[in-house]
Amino acid sequence: MKKNAPETEENDVESASIEFQSPGRFTVYNPSPSQPDSQGWEPAPHVLGEHRAMERFSTPEQARAHALALLQQARRSLCLYTPDLEPWLYHNSSIQDACTRFLLADPKNQMRILVRDPSRATKEGHRLLHLSRRLSSNLHIRRLNPNHPSEERAYLLADDRGLLLRPEPDQFAGYALYDDPGRTRLQQVRFDQAWDLSISDPNLQSFLL
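- Going by an unreviewed UniProt entry, the protein chain carries the name Histone acetyltransferase HPA2 and comes from Metapseudomonas boanensis.

Observations concerning the environment of Gln62
Reasoning step 1: Structurally, Gln62 can be placed in helix H1 (residues 60–73).
Reasoning step 2: Between the C-alpha atoms of Gln62 and Ala176, which are 114 residues apart in sequence, the distance is 9.9 Å.
Reasoning step 3: Side-chain polar atoms of Gln62 contact the backbone nitrogen of Ser58, separated by 2.9 Å.

Quick notes on the packing of H1 against helix H3 (residues 93–105)
Reasoning step 1: In contact at an axis separation of 8 Å, H1 and H3 are set at 20 degrees when each is read in the N-to-C sense. Relative to H3, H1 is oriented roughly parallel. Where H1 crosses over H3, the handedness of that crossing is left-handed. Contacts between H1 and H3 involve Leu68, Leu71 and Gln72 from the former and Ser94, Ile95, Ala98, Cys99 and Arg101 from the latter.
Reasoning step 2: By residue class, the composition of the contact of H1 with H3 is five nonpolar, two polar and one charged.

Rules behind the numbers
Residues numbered from 1 in each chain as written. Predicted model: local features only at pLDDT ≥ 70, side-chain atom pairs only at ≥ 80, totals over all residues. Heavy atoms only, no water. Helix = DSSP H or I, 4+ residues; strand = E, 2+ residues; numbered from the N terminus. Polar contact = N/O pair within 3.5 Å; in protein donor to acceptor, adjacent residues only side chain to side chain. Axes fitted to C-alpha atoms, helices over the stretch in contact; angles between N-to-C directions. Parallel < 35°, antiparallel > 145°, perpendicular 65-115°, else oblique. Left-handed = near helix turned anticlockwise from the far one by under 90°. Contact = heavy atoms within 4.5 Å. Nonpolar A, V, L, I, M, F, W, Y, C, P; charged D, E, K, R; others polar.

Put into structure tokens, the structure is as follows:
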């Protein structure tokens, strides 16, 4: 279902928050990381920096399509804020390929990942963890500091105007924005604050070594 987002001034960092109503609760199925990809994913057709409408979604397939579209079109920076690296959403060859192309396109490109609990990913394996081992100079993964307040949400930031956000991480439902500098910049400030307080996790370090 599509709904137009309210107009946002580019210099309006304090833009109003989006009122989000979830269509209901869904059981999140996280497939085993050892399970091979059944097929490549198709990205959503929207263009980063051009598509103004808010795209709401409520199924895993829709979430995957928007995430892949944003990852494929980012040109400068990617930031991922996640409870556990969400294997159902990010442990896939299409996602890994998009991140690899982004990181290799320019040595200045940076991808940062903040994860609340990396234990499952380090135990079972995850494509983004393996990628961080290969491209450690511009892909960095850190753990949210448990001693500081953190947001109870999951989101992806692409450059300075793309945002995929799920207000309740245990649900599939959320929305994607492809051209909203105000809200993206505001969420980027929150991410950077959490990054500055983040910590190195021994499990991640042992995995990367």
